[in-house]
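Understanding the architecture of this molecule
Next come the chains, spelled out residue by residue.
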Amino acid sequence: MNLSNRKADTNDCSLIRDLASRIWEPTYGSILSKEQLVYMFEMMYSTENIYRQMTELQHQYFITFADEKPAGYLSFEKKSADTFIFQKIYALPEFHGKGVGRYMVEQGISHIRTIHPHPFTVELYVNRENPAVGFYEHTGFKKSGTRDHDIGNGYYMNDYIMSIKID
């Protein structure tokens, strides 16, 4: 399988939403209620919100391709002088266990190195019930805390904060 990556722009908002629509329920369907899934998806993945993330919040999105077909996406933002947050790292379910997630993490770190050539930390938030916790540990991330983030409508994101230091 040939993997490639490209920086997304605002013309890709619909593609990112489409990928998310195929990833969201398989990822969270056994962890969150149907109502919370719908609420969070619309909150996070309306094309308007993706556009806002790119333009106002300065999230950088990347789309990963497997044999030239969209397979997943990653976004990150700068949190502080030497800390970046991977906001989203998602691969289509058919690519789980095939190296796509690792590729996205490596490419995200590689890109950050090009814009920040000094040592830095990457953080991410992952639901404490998500099996991906093991994947992130396998790629070098360590649990550094927890958070219970109120997202409105009576829902919380109950996450591990995971981080990795890059020299």
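Residues numbered from 1 in each chain as written. Predicted model: local features only at pLDDT ≥ 70, side-chain atom pairs only at ≥ 80, totals over all residues. Heavy atoms only, no water.

Considering the environment of Ile112
Topologically, Ile112 is positioned in helix H4 (residues 100–115). On the accessibility criterion, Ile112 (0% relative accessible area) is buried. For the pair Ile112 and Val122, spaced 10 residues apart in sequence, the C-alpha separation works out to 9.3 Å. For Ile112, the contacting residues outside a window of four places in its chain are Phe76, Phe84, Phe86, Phe120 and Val122. (Helix = DSSP H or I, 4+ residues; strand = E, 2+ residues; numbered from the N terminus. Buried < 20%, exposed > 50% of the residue type's maximum accessible area, 1.4 Å probe, protein only. Contact = heavy atoms within 4.5 Å.)

Comments concerning unusual backbone geometry
Glycine aside, the phi torsion of most residues is negative, and most peptide linkages are trans. The backbone of Asp67 shows a phi angle near 50°, a positive value even though the residue is not glycine. Mapped onto the elements of the fold, Asp67 is located in the loop between strand S2 (60–66) and strand S3 (69–80). Overall, Asp67 belongs to the partly exposed group, its relative accessible area being 47%. Backbone geometry at Asn153 places phi at a positive 60°, although glycine is not the residue there. Locating Asn153 in the fold gives a position in the loop between strand S6 (142–152) and strand S7 (155–166).

A few points about the packing of aromatic side chains
A ring pair, where both rings are aromatic, is described by two values, the distance of the centres and the angle of the planes. What the rule picks out here adds up to 15 aromatic pairs. Ring geometry for Tyr73 versus Tyr90: centroids 5.6 Å apart, planes at 45°, classification tilted. Of this pair, Tyr73 sits in strand S3 while Tyr90 sits in strand S4 (residues 83–91), and the two are 17 residues apart along the sequence. Both residues of the pair, Tyr73 and Tyr90, belong to the buried class. One aromatic cluster is present, formed by Trp24, Tyr28, Phe41, Tyr45, Tyr73 and Tyr90 through successive ring pairs. A cation over a ring is seen here: Lys143 above Tyr160, with NZ or CZ 4.4 Å from the ring centre. Looking at Arg147, its charged tip hangs above the ring of Tyr125, at a distance of 3.8 Å from the centre. (Phe/Tyr/Trp six-rings, centres within 6.5 Å; stacked < 30°, edge-to-face > 60°. Lys NZ or Arg CZ within 6 Å of the ring centre and 35° of its normal.)

Considering the nonpolar core
Membership of the largest hydrophobic core comes to 52 residues, with the highest contact counts inside it found for Ile16, Trp24, Tyr45, Tyr73, Phe86 and Phe141. Here this core gets seven residues from one element, more than from any other, and that element is helix H1 (residues 13–28). What Tyr73 contacts, discounting residues up to four positions off in sequence, is Ile16, Leu19, Ala20, Ile23, Tyr45, Tyr61, Phe62, Ile63, Lys88, Ile89, Tyr90 and Met104. (Core = buried A, V, L, I, M, F, W, Y, C linked by side-chain atoms within 4.5 Å.)

With respect to the pairing of S7
Direction of pairing for strand S5 (residues 120–127) relative to S7: antiparallel, over a ladder of eight bridges. Opposite Thr121, over in S7, you have Lys165 as the bridge partner. In this structure, S6 lies alongside S7, joined through nine bridges in antiparallel fashion. For His149, the partnering residue across the bridge sits in S7 and is Met157. If you look at the hairpin formed by S6 and S7, you'll find two residues sitting between the two strands, and Asn153 has a positive phi there, around 60°. (Pairing = 2+ DSSP bridges.)

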